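# Tertiary structure, described
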Amino acid sequence: MKRMQWNESLAVGIEQIDNQHKIWMEHFNSAAEAIAAKQSPSQISKTLGFLMDYTEMHFSTEEKYMTELGYAGLQDHKSRHNELRTTLTNLVKDFEDEGVTSKLADAIDSFLGNWLVQHINEVDKKFAAFAKKG
Ligand SMILES: [Fe+2]
Ligand SMILES: [Fe+2]
């Protein structure tokens, strides 16, 4: 399993957002580790819950910030967040129904990690550049 590690190349330059991305990655790692280590369902469920809660808190922070600044890309950015909200909700539901499946392990190992890095680089950085200009 590959661990996610924040590094300077992921910095968007807004301290609060960068700090949240670091913590987001830790929650992601905890969930991935719990699954890889075949921890008990209740432990895995707990780490997934933390990941869900933190994701929601982080997305809400960004969306509130974009709304306050009247950012024109808000709707597009928000719809990307909504796609991940849906994906995560479905993954947790699948886990509750079926336990750890290879689909869940794969999603955690590759899809989610890639999504996060790509989103920060392509979507969050665009917004951060706008916010810093303002
Ligand atoms: Fe974002
Ligand atoms: Fe973000």
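Before reading further, recall that the structure is shown in the block above.
This section reports on the structure supplied with the text. (Residues numbered from 1 in each chain as written. Chains lettered and ligands numbered in written order. Predicted model: local features only at pLDDT ≥ 70, side-chain atom pairs only at ≥ 80, totals over all residues. Heavy atoms only, no water.)

### As for the coordination of the iron ion (ligand 1)
In an ideal tetrahedron of four donors about a metal, each angle is 109.5 degrees. In an ideal octahedron of six donors, the angles are 90 or 180 degrees. For the iron ion (ligand 1), the full set of protein donor atoms is Glu62 (OE), His77 (NE2), His81 (NE2), His119 (NE2) and Asp124 (OD), at a range of 2.0 to 2.2 Å. All donors of the iron ion (ligand 1) belong to a single chain; written as a sequence motif, their spacing is E-x14-H-x3-H-x37-H-x4-D. When its relative accessible area of 0% is taken as the criterion, Glu62 is described as buried. Judged by relative accessible area, His119 falls into the buried class, the value being 5%. (Donors = N, O, S within 2.8 Å, 3.2 Å for Na, K, Ca; no water. Buried < 20%, exposed > 50% of the residue type's maximum accessible area, 1.4 Å probe, protein only.)

### Some points on the coordination of the iron ion (ligand 2)
Within the protein, His21 (NE2), His58 (NE2), Glu62 (OE) and Asp124 (OD) serve as the donor atoms for the iron ion (ligand 2), at 2.1 to 2.2 Å. The coordination sphere of the iron ion (ligand 2) comprises four donor atoms, whose angles at the metal cover 84 to 170 degrees; the geometry is irregular. Within one chain, the residues donating to the iron ion (ligand 2) are spaced in sequence as H-x36-H-x3-E-x61-D. If you look at the iron ion (ligand 2) and the iron ion (ligand 1), they sit 3.5 Å from each other and are both ligated by Glu62. One end of the pair, Glu62, is in helix H2 (residues 41-68); the other, Asp124, is in helix H4 (residues 102-133), with 62 residues separating them in the sequence. Neither Glu62 nor Asp124 differs from the other in exposure class; each is buried. (Tetrahedral: all angles 85-135°; square planar, octahedral: opposite > 155°, others 65-115°. Helix = DSSP H or I, 4+ residues; strand = E, 2+ residues; numbered from the N terminus.)

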